[in-house]
Amino acid sequence: MRITVDRNKCTGLGICESLAPDVFEINDDGELVLTAEVPDGQLDDVEAAVSGCPTEALRLEQS
Amino acid sequence: MSRENLVVVGASLAGLRAVEAARKAGFRGAITLVGAEEHLPYDRPPLSKSFLDDRDPEPPVFRTESVLRDDLGVELSLGTPATGLDVAGKQVRVGERCLDYDALVIATGATARTLPGSQHLAGVHTVRTLDDAVAVRKALDAGARTLVVGAGFIGSEIASGARARGLDVTVVEAQATPLVRAVGEVMGSACSRLHHDNGTDLRCGVGVQRVEGDGRVERVVLSDGSVIDAELVVVGIGATPATDWLRDSGLTLDSLDNGVVCDETLCTGAEGVYAAGDVARWHNPVFERAMRLEHWTSAAEQGALAARNALDPAAATPYRTVPYFWSDVYGSRIQFVGVPASDEVRVVEGDPDRGGRIVALYREGDRLAGALTINGQNVIMKYRGLITKATSWPDALAFAEQRRAVAT
Ligand SMILES: Cc1cc2nc3c(=O)[nH]c(=O)nc-3n(C[C@H](O)[C@H](O)[C@H](O)COP(=O)(O)OP(=O)(O)OC[C@H]3O[C@@H](n4cnc5c(N)ncnc54)[C@H](O)[C@@H]3O)c2cc1C
Ligand code: SF4
């Protein structure tokens, strides 16, 4: 599964980072950096991040 | 026992997440979503932020009517509040109708407190609903001199929105320091600096004596005798759980704030009845205490969990969380995780007297219990992780030291 972020929506609130810290991180510029693919065994956490994002900026897609 | 009728009362964030989670969990029965407002579920944080911009923003509606009705198969009952709950007969009263349920999620949120003796005047508003925000935006469009009562987060955001348009703004706060209950003394005053730095006239330790005007607000008289002219008065003095409709239900309401008292699985104690969001006071196992939050993240998560638990009580799981909220004021982002414990507050980055980026940690016993940042997006969630893992205070300080070393 691939993760995509809509940069126009993401405001760097970082809820995704707290739910799946291996996948998402807010960098020193306050911007979200993320891995493109969902790592093995982390789909639940990434799904929680997708639904936890207050701006609905994250999407999971079949890769 | 399989369930057939899920009723969700309160059609906002927690209520929406409840119906979505029910379908996601495979529930095929009937779902009715009952909302007092005419509007489809919409998002509140933007109401005091981007929605007040001088551009013409769209109402922040979460889902279209067709997604709710057709894709999720939800019966929408909007525009009429629920007025009663019979837990023995398992019915919710809505207007003339009685809805049967075998699973119920209470998600009626909270209602803004009003300033006694001012509500009859035009130009006096709270900001809780979309209608409130539309009215405030209109007043800002007209260039109203603005007075905000209460320097809490929502009041501060409104002040910031008015300043962004170059309007004169006064904020009146009854406490000597704003936000003391939310973030403690030191950081409360750090947050209040933002008002001063941005040209807002913040007056602490004074109350509102009366709001005057002839049909429409013209001026506000403060307890220190000063008089401030204003065409817009925004009252941001907190909210109380919307539980009037539950008064005769037999559910336990908190003796102090009337929140719905729940166990750690969000169950109210009545069969099949769960509560979620701003309305719910539940036992949070992470901090081993009862709490009621008025935060976006917990409302969303509780809504989903309350529905899953209500539909399958035998497998109910507790709601464990490290509370999180954010606020955007004057271009700065304030974020808080955990609880504002008061055993010790240590500023580990920045200087509250100078403004700019600040990171502060809160200690309870020998454990890290909370963290607040102003413009600290890159660390705040790392502290949330540390709090989740019950990190000791010395370890938290060591982490902060290491981050600081990297940054400089
Ligand atoms: C202006 C504003 C800005 C905010 N900003 C932030 C922020 O930056 N960060 C953050 O973390 N949180 C923020 N919040 C808080 C966040 O929006 C709330 O925690 C969240 O909306 C709670 O969702 P809820 O569904 O529990 O309750 P609510 O959103 O209050 O919804 C409850 C719904 O139930 C309806 N209702 C009430 N009584 C009845 C009844 N008897 N029958 C039927 N329906 C009823 C109400 O009309 C309402 O639509 C903000 C809130 C406001 C108002
Ligand atoms: S939770 Fe959403 S808005 Fe926040 S950083 Fe992640 S993607 Fe961006």
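Details of the structure are given in the entry above.
Conventions we followed
- Residues numbered from 1 in each chain as written.
- Chains lettered and ligands numbered in written order.
- Predicted model: local features only at pLDDT ≥ 70, side-chain atom pairs only at ≥ 80, totals over all residues.
- Heavy atoms only, no water.
- Near = heavy atom within 4 Å.
- Polar contact = N/O pair within 3.5 Å; in protein donor to acceptor, adjacent residues only side chain to side chain.
- Areas by Shrake-Rupley, 256 points an atom, 1.4 Å probe, with all protein chains shown as cover.
- Helix = DSSP H or I, 4+ residues; strand = E, 2+ residues; numbered from the N terminus.
- Nonpolar A, V, L, I, M, F, W, Y, C, P; charged D, E, K, R; others polar.
- Domains from an automatic or database assignment.
- Contact = heavy atoms within 4.5 Å.
- Buried area = accessible area lost by both parts, 1.4 Å probe.
- Salt bridge = Lys/Arg side-chain N within 4 Å of Asp/Glu carboxyl O.

1. Comments concerning the site of ligand 1
Residue and element names in this part refer to chain B.
Here is step 1: Ser12, Arg44, Lys49, Arg128 and Asp278 are the nearest of the 32 residues found near ligand 1.
Here is step 2: The separation between an oxygen atom of ligand 1 and a polar side-chain atom of Arg44 is 2.5 Å.
Here is step 3: Within the backbone of Trp326, one N or O atom sits 2.9 Å away from an oxygen atom of ligand 1.
Here is step 4: Notes on ligand 1: free accessible area 1000 Å², of which the protein chains cover 93%.
Here is step 5: Those elements giving two or more residues to the shell around ligand 1 turn out to be helix H1 (13-24), strand E2 (30-35), helix H7 (296-311) and strand E22 (324-329).
Here is step 6: Considering only residue class, the shell around ligand 1 consists of 18 nonpolar, 8 polar and 6 charged.
Here is step 7: Both domains that meet at the shell around ligand 1, namely domain 1 (5-111 + 239-315) and domain 2 (114-235), each give it at least three residues.

2. Description of the interface of chain B and chain A
Here is step 1: Between chain B and chain A, the residue contacts involve 17 residues of the former and 19 residues of the latter.
Here is step 2: Contact between chain B and chain A buries roughly 1400 Å² in total, counting both sides, with carbon and sulfur atoms accounting for 45%.
Here is step 3: There are 5 salt bridges connecting chain B and chain A.
Here is step 4: Ionic pairing is found between Glu47 of chain A and Lys24 of chain B, a salt bridge with its closest N-O pair at 3.9 Å.
Here is step 5: At the surface where chain B touches chain A, the tally comes to 9 residue pairs in polar contact (both at pLDDT 80 or more).
Here is step 6: Counting residues per element, the side of chain B that touches chain A draws most heavily on helix H8 (residues 377-388) of chain B, which supplies 5 residues.
Here is step 7: For the side of chain B that touches chain A, the per-class residue count stands at 4 nonpolar, 4 polar and 9 charged.

Spatial relationships are all this shows, so hold off on functional conclusions.
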